[in-house]
Amino acid sequence: MLIQLNFKSGKPVYLQVVDQVKAAAASGALRVGEPLPSIRPLAEELRINRNTVAKAYAELEGQGVIETVPGRGCFLKENNSPFRKDIRLKMVAEEIDAAIVQAHHLRVEDKEFLALVKERLEAFEATNKAHEAKAKEQL
Amino acid sequence: MNQDQSVIEVTHMVHKYGRTEAVNDLSLRVGRGKCYGFFGRNGAGKTTTIKCLLNLLRPAAGSVRVFGLDPARDEVGVKSRLAYVPDYVAFYPWMTVRNVLDYLASFRPRWNRRTESELLGQFRLDPTQKARALSRGQKTQLALTAAICAEPELLVLDEPTSGLDPIVRREFIQTVIGAYQEADPGNRTVFVSTHLISEFEGLIDEFTIIEGGRAALTLGADEARARYKRIRARFASEAPAVDFPQAKQVRREGRELELTVNGHSEEILERLRALAPEELTTEALTLEEIFVAALK
């Protein structure tokens, strides 16, 4: 899993780390039970404050994405969100709303938007399969 | 700990050299465990402020508290818990690197030998070398190593990278602050003054820009990047001559329009979209660009 930050995005740095870990988990670049980089090396590599990485990991733990094993580090958890299903759906709906607003401003039509969603889902599926195949090869 | 979580608290501080006011009604607060940037041009009052924190200078008015203590009344209480690296460091020239470290360690209740050897190795400092033979950059590296080995609760750095070449600079500050925060990060506070801001981009949690001895801007780094933005719009024909009173700066060049904004970006974007641009992009300013924009 490689994290890349962009200070020009205007998005809080710790949230960039949170979102990229989640994206890595969704695409299979990071698998259940795999360790996340430890805080200090990651902070040094990204040239950010240690507190920022710690804050991102705390947020990920709060969201149930990772778990901390004392003395061993942080690991990706089985995908069991601590939130109730209706709340999870609502959280996703908010993200979709933001994408819809963006699509409207960029004059992307509804049909194209839906096609794009499907295409992106398939793209994630494909990388996921590729990662799985690679994992099997290694075994 | 009184003053709850503040490590440094400066209120309405004034310091004058003769009739010249170097620091004029400055207030700032540094929370425990934060990496705090103190940005300003040369002569803005950065070093004077730092010297007031260390009781090397006495403020003419206002108050200074470090760990909730007054550095003028409780000098040892304050200094034993912090380490200070000035912009220009000097050692006894006849001492070797080893001697310098042992000498400095003798004043400290704690000294982390592991950190010491780790940093000496990373900076490739030879313990048998005489201080007089060290370059300016090596002296800074030695001073920072010594500051961190003492494991102070507060690290005060005055222009720590100014004597270093640009390649060494970024790597180096990262190493130093990483090593410092390694143990007990909640109790490791950094107060760093600099005008070379880009090296500290990702490290700074919060900052104050000082100008003419006053705080021109105090903000969290993420908050600052969310507020200060550059918006670019390109139109099919000549950029419309519309006024944007909320923008800090507007540049018009043929079909292109570039706005620097501090807040209000949603309203400005809304107005731009109504003008149907071919392309519309937004990016956050870097802390260095924010520094420049704030002082304009």
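Residues numbered from 1 in each chain as written. Chains lettered and ligands numbered in written order. Predicted model: local features only at pLDDT ≥ 70, side-chain atom pairs only at ≥ 80, totals over all residues. Heavy atoms only, no water.

The next thing to look at is the environment of Val14 of chain B. All names here are of chain B. Take Val14: it is sitting in strand β1 (residues 6–17). For Val14 and Pro59, which are 45 residues apart along the polypeptide, the C-alpha to C-alpha distance reads 5.7 Å. Beyond its immediate stretch of four places on either side in the chain, Val14 contacts Val23, Asp25, Pro59, Ala60 and Ala61. (Helix = DSSP H or I, 4+ residues; strand = E, 2+ residues; numbered from the N terminus. Contact = heavy atoms within 4.5 Å.)

With that settled, the discussion passes to the state of the cysteines. Applying the stated criterion across every chain yields a total of 0 disulfides over all chains. Residue Cys35 of chain B stays outside any disulfide, its sulfur separated by 19 Å from that of Cys149 of chain B, the closest cysteine. (Disulfide = S-S within 2.5 Å.)

Moving on to the pattern of salt bridges. Residues and elements named next belong to chain B. Under the defined criterion, the tally for this structure stands at 31 salt bridges over all chains. The salt bridge involving Glu283 is made with Arg230; its shortest N-O contact spans 3.2 Å. Remark: Arg230 occurs in strand β10 (residues 228–234) and Glu283 occurs in strand β13 (residues 279–284); sequence separation between them is 53 residues. (Salt bridge = Lys/Arg side-chain N within 4 Å of Asp/Glu carboxyl O.)

Moving on: the domain arrangement of chain A. How big an interface is tends to be stated in terms of the accessible area lost upon association of its parts. Residues and elements named next belong to chain A. Entries for chain A in the domain assignment read domain 1 (7–76) and domain 2 (85–138). Distance from the C-alpha centre of domain 1 to the C-alpha centre of domain 2: 21 Å. Contact with domain 1, which involves 6 residues of that partner, is made by 5 residues of domain 2. Contact with domain 2 buries surface across domain 1, with Ala26, Ser27 and Arg31 losing the most and accounting together for 73% of the total. On the surface where domain 1 and domain 2 come into contact, there are 0 salt bridges. Our count for the domain 1 to domain 2 interface comes out at 1 residue pair in polar contact (both at pLDDT 80 or more). (Domains from an automatic or database assignment. Buried area = accessible area lost by both parts, 1.4 Å probe. Polar contact = N/O pair within 3.5 Å; in protein donor to acceptor, adjacent residues only side chain to side chain.)

For helix α1 (residues 13–27) of chain A, with 15 residues, the first-to-last C-alpha span of 21 Å sits near the 21 Å given by 1.5 Å per residue. On its buried face, α1 of chain A sits against α2 (39–46), α3 (50–62) and α5 (110–138) of chain A together with α7 (221–227) of chain B. Gly28 of chain A lies just past α1 of chain A and shows a positive phi near 85 degrees. (Expected span 1.5 Å × (residues − 1).)

Let us look at helix α9 (residues 287–294) of chain B. All names here are of chain B. All of the buried residues in α9 are Leu287, Ile290, Phe291 and Ala293. Mapping the buried residues of α9 onto a view down its axis gives an arc of 170 degrees, with all of them on the same face. Buried residues along α9 sit in contact with β3 (35–39), β8 (206–211), β9 (214–220), α7, β10 and β11 (247–253). (Buried < 20%, exposed > 50% of the residue type's maximum accessible area, 1.4 Å probe, protein only. Arc of directions from axis to C-beta.)

Residues and elements named next belong to chain B. Looking at the assigned domains, one finds that chain B contains domain 1 (6–212) and domain 2 (224–294). Taking the mean C-alpha position of each, domain 1 and domain 2 sit 38 Å from one another. Taken together, the 9 residues of domain 1 in the interface contact 8 residues of domain 2. Both faces combined, the contact of domain 1 with domain 2 buries some 770 Å², and carbon together with sulfur accounts for 73% of it. Of all residues in domain 1, Ile197, Glu201 and Ile209 bury the most surface against domain 2, accounting for 59% of the area lost on that side. The tally of links from domain 1 across to domain 2 stands at 1 salt bridge.

Take the pairing of strand β6 (residues 154–158) of chain B next. Residue and element names in this part refer to chain B. Extensive coverage of β6 is indicated by the burial of 5 of its 5 residues. With burial as the criterion, each face of β6 is covered, one bearing Leu154, Val156 and Asp158 and the other bearing Leu155 and Leu157. As paired strands, strand β5 (residues 82–85) and β6 are joined by 4 bridges and run parallel to one another. Pairing of Leu82 across the sheet is with Leu154, part of β6. Judged from the 5 bridges that link them, β6 and strand β7 (residues 189–194) form a sheet pairing that is parallel. Directly across from Leu155, in β7, lies its bridge partner Val190. Taken together, β6, helix α6 (residues 166–181) and β7 form a β-α-β motif whose crossover is right-handed. (Pairing = 2+ DSSP bridges. Right-handed = clockwise from strand over helix to strand, strands pointing away.)

The subject of this paragraph is unusual backbone geometry. The backbone phi angle of His12 of chain B is positive, close to 45 degrees, even though this residue is not glycine. Summarising the element assignment, His12 of chain B is placed in strand β1.

All names here are of chain B. The element strand β12 (residues 256–262) is extensively covered by neighbouring structure, given that 5 of its 7 residues are classed as buried. Both β10 and β12 contribute to a ladder of 7 bridges, which runs antiparallel. Across the sheet, Arg232 pairs through a bridge with Glu258, a residue of β12. For β11 and β12, the ladder comprises 6 bridges, and the chain directions are antiparallel. Of the residues in β12, the one forming a bridge with Arg252 is Leu257. Between the end of β11 and the start of β12, which pair antiparallel, lie 2 residues, with Gly254 showing a positive phi angle near 60 degrees.

Right, let's talk about the interface of chain A and chain B for a bit. Listed per partner, the contact involves 19 residues of chain A and 29 residues of chain B. Summed over both partners, the interface of chain A with chain B buries about 2,000 Å², with 43% contributed by carbon and sulfur atoms. Ranking the residues of chain A by area buried against chain B places Lys8, Arg40 and Arg47 of chain A at the top, with a combined share of 36%. The partner of Glu283 of chain B in a salt bridge is Lys8 of chain A, and the shortest N-O contact between them spans 3.5 Å. At the junction of chain A with chain B, the criterion picks out 15 residue pairs in polar contact (both at pLDDT 80 or more). Classifying every residue of the side of chain A that touches chain B gives 6 nonpolar, 6 polar and 7 charged. (Nonpolar A, V, L, I, M, F, W, Y, C, P; charged D, E, K, R; others polar.)

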